[in-house]
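The primary structure of each chain is shown beneath.
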Amino acid sequence: MHNIRMNAKIKNLKKLTLILFLTLITILNMPMNAFAYVDWPENVNVLSEGAILMDADSGAVIYGKNMHEHYYPASITKLLTALIVVENCNLDDTVTFSKNAVYNVEPGSSSAGIDAGDTLTVRDCLYAMLLQSANEAANALAEHTAGSIEAFAKMMNDKAASLGCKDSHFANPSGLNNPEHYTSAYDYALISRAAFKNPTVTEIDSATYYNLPPTSRVPTGQTLYSHHSMLRKNSGNYYQNAICGKTGYTTLAGNTLVTYARTDKIGLITVVLNGNKTHYVDTQSLLDFGFANFKNVKLKSSDIGTNFKSNLALIPNFNEYTIEPDDNASITLPNDADVSEVESAMDFEQSEGPTANALCKIDYKYNGRPIGSVDVIAKKNANYEANSNNNTGEVASTATGNSNPTSTANAGTQGFSNVMLSISKKNMIIGGGIAGIILLLIIIISIKVHLAKKKSDLSDRELRIYGLLKNGWSATDCGISEDEAKYIIEKH
């Protein structure tokens with residue numbers, strides 16, 4: 001009976017040890033640094049129906065209001081049109097205005113007074129479209145680029161999809177009223193970010209005026225002025241850090257506005273949709289809020305770089321490649337946040353394909369909030385001498401983007417799970433302390449288990465005698481010899 005009780009105790013002690021091990025693993029994987037997180041600022045008020053504030057560099061969403069709801073974009077559509085045209089046309093190409101381009105617009109809508117048969121360069125048309133918001137220029141550019149407005153609309157939807165847009169559908173290059181022409185604040189921030197990364201689009205869109213060459217209706221030529229009043233110094237809405245943007249208005253859309261502004265600390269993109277003459281006030285509020293409360297941090301800083309390198313060093317055949325984050329990689333943080341508290345997850349199986357030479361993608365979070373992501377670029381290291389005993393084919397094909405879709409998974413099983421969290425130094429110190437305490441408990445439990453096993457080596461008779469001997473009975477009182485008494489005490 002006693003042996004059964006001892007075995008039960010030993011089993012319970014082993015179970016407790018297992019629980020302690022599991023507890024250690026759980027604690028080390030918990031966000032133990034949560035106590036250090038600063039609150040994400042949210043002290044901004046926006047009156048427009050939909051809005052977003054995005055870091056132009058990291059792509060992180062700083063603030064959003066109904067940012068995935070569908071709204072009509074109106075003429076901010078022309079930023080997407082400009083991006084596609086610049087990517088597909090020569091700026092010095094000649095554009096001939098068709099009758100359809102000139103007259104397939106709503107009466108009273110924005111125009112630069114260009115007539116059918118007029119010819120301008122692509123560059124002229126882009127200035128007319130972005131500054132004057134000329135709808136006939138948008139139509140003419142679409143026809144010049146794709147052959148027809150319908151074919152250009154397909155290019156618009158394809159481009160939007162390639163940028164990650166999921167809430168949008170575009171039916172024309174101008175943004176004039178159409179029930180099948182809609183977007184969301186988030187989608188249009190993605191589009192605007194791509195547009196403003198293009199130096200030609202940004203150069204044209206940031207101009208406050210442009211001298212358009214003569215046309216049949218204006219034979220002396222004309223000066224076009226930007227409709228975006230935050231760019232004009234003589235305007236009451238002038239905003240010193242604003243670089244470029246686009247206005248929009250239709251009866252269906254209400255007021256819409258895209259703005260790109262920058263300081264030496266951070267670049268910001270705002271999109272406001274379905275405003276009722278509050279678009280400039282909302283935009284200024286968003287920009288003031290962003291500049292006052294947030295910073296952009298390059299991923300080559302020492303804090304992020306250490307975690308980044310320690311994770312990548314676990315990749316098989318790591319030394320064969322020069323592996324760095326994208327040169328433009330950055331994250332967005334509140335001003336008082338510590339970069340050591342940033343978490344990163346390495347994704348080898350992206351739903352959207354990585355860029356050329358990308359080994360994987362790293363997603364960054366702060367207290368569970370996405371703050372940026374970057375493709376990890378792998379380049380062949382010319383100074384590396386391959387080891388013939390190593391199988392480098394799998395990593396090489398992944399790094400260079402060549403064939404074999406299973407190579408990524410193979411590389412992951414050799415050093416990574418699908419998601420890998422980087423642990424800050426503070427976490428490691430805390431985790432080490434907890435691990436030490438748990439290790440001490442395990443040692444104590446092991447000693448108890450050992451003693452319990454020794455006890456279980458005595459028979460029930462010997463245990464009873466041992467108890468009597470410990471209570472002062474002599475060997476004679478117990479009816480045993482001195483040698484047997486000594487044996488029982490030593491055996492225990």
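Residues numbered from 1 in each chain as written. Predicted model: local features only at pLDDT ≥ 70, side-chain atom pairs only at ≥ 80, totals over all residues. Heavy atoms only, no water.

Section: the overall build of the chain
On a plain count of helices and strands, the chain comes out with 16 helices and 15 strands. Counting across all 492 residues of the chain, residues that qualify as buried make up 49%. Pairs at least 24 residues apart make up 66% of the contacts formed inside the chain by residues separated by at least 6 positions. Per element, the accessible surface of the chain, about 24000 Å² overall, is 52% carbon and sulfur. (Helix = DSSP H or I, 4+ residues; strand = E, 2+ residues; numbered from the N terminus. Buried < 20%, exposed > 50% of the residue type's maximum accessible area, 1.4 Å probe, protein only. Contact = heavy atoms within 4.5 Å. Areas by Shrake-Rupley, 256 points an atom, 1.4 Å probe, with all protein chains shown as cover.)

Some thoughts on helix α2 (residues 77-88)
In this model α2 runs 17 Å from its N-terminal to its C-terminal C-alpha over 12 residues, within 8% of the 16 Å that 1.5 Å per residue would give. Counting buried residues in α2 gives 10 out of 12 residues, a clear majority hidden from the surface. Looking only at α2, the buried set comprises Thr77, Lys78, Leu79, Leu80, Thr81, Ala82, Leu83, Ile84, Val85 and Val86. (Expected span 1.5 Å × (residues − 1).)

Notes on unusual backbone geometry
Notably, asparagine 274 is not glycine yet its phi reads approximately 55°, a positive angle. When you line up the elements, asparagine 274 lands in strand β9 (residues 267-275). Since its relative accessible area comes to 30%, asparagine 274 is described here as partly exposed.

A short note on the pattern of salt bridges
One side chain can pair with another of opposite charge once the charged atoms of both are near each other. Here the structure, examined in full by the defined rule, presents 5 salt bridges. The residue arginine 262 makes a salt bridge to aspartate 57 at a minimum N-O spacing of 3.0 Å. Within this pair, whereas arginine 262 is found in strand β8 (residues 254-262), its partner aspartate 57 is found in the loop between β1 (50-55) and β2 (61-65), the two being separated by 205 residues in sequence. (Salt bridge = Lys/Arg side-chain N within 4 Å of Asp/Glu carboxyl O.)

Focus on the environment of valine 122
If you trace the backbone, valine 122 turns up in helix α4 (residues 122-131). When the C-alpha positions of valine 122 and valine 85 are compared, they lie 8.3 Å apart, and in sequence the two are 37 residues distant. Those residues within four positions of valine 122 in sequence are excluded, and the remaining contacts are Val85, Cys89, Asn90, Leu91, Asp93, Val95, Leu141 and His144.

Considerations on the sheet that holds strand β7 (residues 242-250)
The antiparallel open sheet is built from 5 strands, whose spatial order is β2-β1-β9-β8-β7. Edge positions in the sheet fall to β2 and β7, since each has one partner strand and no second. In this sheet, adjacent strand axes meet at a mean angle of 5° when their direction is disregarded. Sheet contacts for helix α9 (residues 279-293): β1, β2, β7, β8 and β9; angle to β9, the most-contacted strand, approximately 150°. (Pairing = 2+ DSSP bridges. Axes fitted to C-alpha atoms, helices over the stretch in contact; angles between N-to-C directions.)

Here we look at empty space enclosed by the protein
According to the stated counting rule, one finds 2 cavities of 30 Å³ or more in the structure shown. One number sums up the size of the second largest cavity: a volume of about 50 Å³. Along its surface, the second largest cavity is lined by Leu130, Leu131, Asp205, Ser226, His227, His228, Leu231, Gly245, Lys246 and Thr247. When contributions to the lining of the second largest cavity are tallied by element, the ones reaching two or more residues are α4 and β7. (1 Å grid on protein atoms, 1.4 Å probe; cavity = no way out; pocket = protein on both sides within 12 Å on 5 of 7 lines; lining within 4 Å. Points joined across faces, edges and corners; volume = space filled by probe spheres on them.)

Brief notes about the side chain of serine 229
You can see serine 229 is positioned in the loop between β6 (222-225) and β7. Side-chain polar atoms of serine 229 contact the side chain of asparagine 237, separated by 3.0 Å. Aside from chain neighbours lying at most four places away, what touches serine 229 is Ser235, Asn237, Tyr238 and Tyr280. (Polar contact = N/O pair within 3.5 Å; in protein donor to acceptor, adjacent residues only side chain to side chain.)

Some thoughts on the packing of α2 against helix α6 (residues 149-162)
It is at 10 Å that the axes of α2 and α6 come closest, and there the two elements cross at 95°. Classified by the interaxial angle, the pair formed by α2 and α6 is roughly perpendicular. Only Phe152, Met155, Met156 and Lys159 of α6 make contact with α2, whose side of the interface consists of Thr77, Leu80, Thr81, Leu83, Ile84, Val85, Glu87 and Asn88. (Parallel < 35°, antiparallel > 145°, perpendicular 65-115°, else oblique.)

A few points about the confidence of the model for the chain
A residue-level look at the chain finds 70% of positions with pLDDT of 70 or above and a mean pLDDT of 80. Confidence over residues 301-306 falls short of pLDDT 50; this stretch has 8 contacts with residues more than four positions distant or in other chains. Predicted confidence for residues 387-424 stays below pLDDT 50, and this span has 62 contacts to residues more than four positions away or in other chains. (pLDDT = per-residue confidence, 0-100.)

Overview of α4
Taken across its 10 residues, α4 has 9 buried, putting it largely inside the fold. Three or more residues of α4 are buried, namely Val122, Asp124, Cys125, Leu126, Tyr127, Ala128, Met129, Leu130 and Leu131. Downstream of α4 by a residue or two, serine 133 has a phi angle that is positive, lying close to 60°.

Description of the nonpolar core
The biggest cluster of nonpolar side chains holds 62 residues, and the ones touching the most others in it are Phe97, Val122, Leu126, Met129, Leu141, Tyr188 and Val271. Beyond its immediate sequence surroundings of up to four residues, leucine 141 is in contact with Val85, Val95, Val122, Cys125, Leu126 and Met129. Ranked by size, the runner-up nonpolar core spans 39 residues in total, among them Tyr239, Phe294, Ala329 and Val342. (Core = buried A, V, L, I, M, F, W, Y, C linked by side-chain atoms within 4.5 Å.)

Concerning the packing of α2 against α4
Following both chains from N to C, one finds α2 and α4 inclined at 165°, their axes separated by 10 Å at the closest point. On the basis of the axis angle, α2 is roughly antiparallel to α4. Classified by chirality, the crossing of α4 by α2 is left-handed. Where α2 abuts α4, its residues Lys78, Leu79, Thr81, Ala82, Val85 and Val86 lie against Val122, Leu126, Met129 and Leu130. Across the contact of α2 with α4, the residue classes break down as 8 nonpolar, 1 polar and 1 charged. (Left-handed = near helix turned anticlockwise from the far one by under 90°. Nonpolar A, V, L, I, M, F, W, Y, C, P; charged D, E, K, R; others polar.)

Description of the pairing of strand β12 (residues 330-334)
With 5 of 5 residues buried, β12 is to be regarded as a mostly interior element. Residues Ser330, Thr332 and Pro334 line one face of β12 and the alternating positions Ile331 and Leu333 line the opposite face, and both faces are buried. Here 5 bridges tie strand β10 (residues 294-298) to β12, and the two strands are oriented antiparallel to one another. Its bridge partner being in β12, phenylalanine 294 is matched across the sheet by proline 334.

Brief notes about the packing of aromatic side chains
Here the structure, examined in full by the defined rule, presents 6 aromatic pairs. Considering the side-chain rings of tyrosine 127 and tyrosine 210, the 3.9 Å spacing of their centres and the 0° angle between planes classify their relative orientation as stacked. Taken together, the positions of tyrosine 127 in helix α4 and tyrosine 210 in strand β5 (residues 209-212) put the pair 83 residues apart, joining distant regions of the chain. On the basis of relative accessible area, tyrosine 127 is assigned to the buried category, the value being 10%. Using a relative accessible area of 16% as the deciding quantity, one classes tyrosine 210 as buried. Consider the rings of phenylalanine 289 and phenylalanine 294, whose centres lie 5.6 Å apart with planes at 70°: the pair is edge-to-face. One aromatic cluster in this structure is built from Trp40, Phe289 and Phe294. (Phe/Tyr/Trp six-rings, centres within 6.5 Å; stacked < 30°, edge-to-face > 60°.)

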